[in-house]
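Fold and geometry: a report
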Amino acid sequence: MTWQTHQLLAVVNLAICAGIAWACICRLNSEISRRYRLARARYALLLAGAMACGLQPMLWGSWPTVGTVLFAGCVLAGLAINVVRWHSHGVPKRRVRDV
């Protein structure tokens with residue numbers, strides 16, 4: 001890979017990971033994270049992973065690969081798919097089993 005390709009992947013990865021971090025910060029400020037420790041831990045760990053992945057060139061001196069960028073994009077897409085559930089103000093919904 002050329003120097004420009006490495007830089008482009010690093011910038012795209014940083015932008016995607018910044019989106020993940022923003023979503024995690026928003027979720028950590030929500031009522032569900034204040035009420036449930038598991039949700040708080042989940043988003044705190046995801047935030048730490050997104051920051052570590054996005055700042056990979058500065059922290060460890062290694063460039064992100066195409067697979068890293070695709071994985072971060074899939075994580076961001078998974079968070080975006082669940083945006084509808086973020087606006088519900090109740091307890092997390094569970095499946096009701098048929099009797």
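Coordinates for the structure precede this section.
The rules behind each value
Residues numbered from 1 in each chain as written. Predicted model: local features only at pLDDT ≥ 70, side-chain atom pairs only at ≥ 80, totals over all residues. Heavy atoms only, no water. Salt bridge = Lys/Arg side-chain N within 4 Å of Asp/Glu carboxyl O. Helix = DSSP H or I, 4+ residues; strand = E, 2+ residues; numbered from the N terminus. Buried < 20%, exposed > 50% of the residue type's maximum accessible area, 1.4 Å probe, protein only. Expected span 1.5 Å × (residues − 1). Arc of directions from axis to C-beta. Axes fitted to C-alpha atoms, helices over the stretch in contact; angles between N-to-C directions. Parallel < 35°, antiparallel > 145°, perpendicular 65-115°, else oblique. Left-handed = near helix turned anticlockwise from the far one by under 90°. Contact = heavy atoms within 4.5 Å. Nonpolar A, V, L, I, M, F, W, Y, C, P; charged D, E, K, R; others polar.

Some details on the pattern of salt bridges
On inspection of all chains with the given rule, the structure shows 2 salt bridges. Among the ionic pairs, Arg 34 bridges to Glu 31, the shortest N-O distance being 3.8 Å. One end of the pair is Arg 34 and the other is Glu 31, both in helix 2 (residues 31-35) and 3 residues apart, which spans about a single turn. Judged by its relative accessible area of 53%, Arg 34 is exposed. With a shortest N-O distance of 3.7 Å, Glu 31 and Arg 35 are connected by a salt bridge. Here Glu 31 and its partner Arg 35 are both found in helix 2, 4 residues apart, which amounts to about one turn of the helix.

Describing helix 5 (residues 66-81)
For helix 5, with 16 residues, the first-to-last C-alpha span of 22 Å sits near the 22 Å given by 1.5 Å per residue. Of all the positions in helix 5, only Val 69, Ala 72 and Leu 79 are classed as buried. Buried residues in helix 5, looked at end-on, bunch into an arc of 85°, giving them a common side. Turned more than 90 degrees from where helix 5 packs its buried face, Leu 70, Phe 71, Cys 74 and Ile 81 sit exposed.

Some words on the environment of Ala 23
Position of Ala 23 relative to the elements: it lies in helix 1 (residues 3-28). On the accessibility criterion, Ala 23 (5% relative accessible area) is buried. Placed 60 residues apart in sequence, Ala 23 and Val 83 show a C-alpha to C-alpha distance of 9.4 Å.

Details of the packing of helix 1 against helix 3 (residues 37-54)
One can describe the packing of helix 1 onto helix 3 by two numbers: an axis separation of 8 Å at closest approach and a directional angle of 160°. One element, helix 1, and the other, helix 3, form an angle in the roughly antiparallel class. In terms of crossing hand, the pair formed by helix 1 and helix 3 is left-handed. Contact residues: helix 1 offers Asn 13, Leu 14, Cys 17, Ile 20, Ala 21, Cys 24, Ile 25, Arg 27 and Leu 28, while helix 3 offers Arg 40, Tyr 43, Ala 44, Leu 46, Leu 47, Ala 50, Met 51, Cys 53 and Gly 54. Tallied by class, the residues present in the contact of helix 1 with helix 3 amount to 14 nonpolar, 2 polar and 2 charged.

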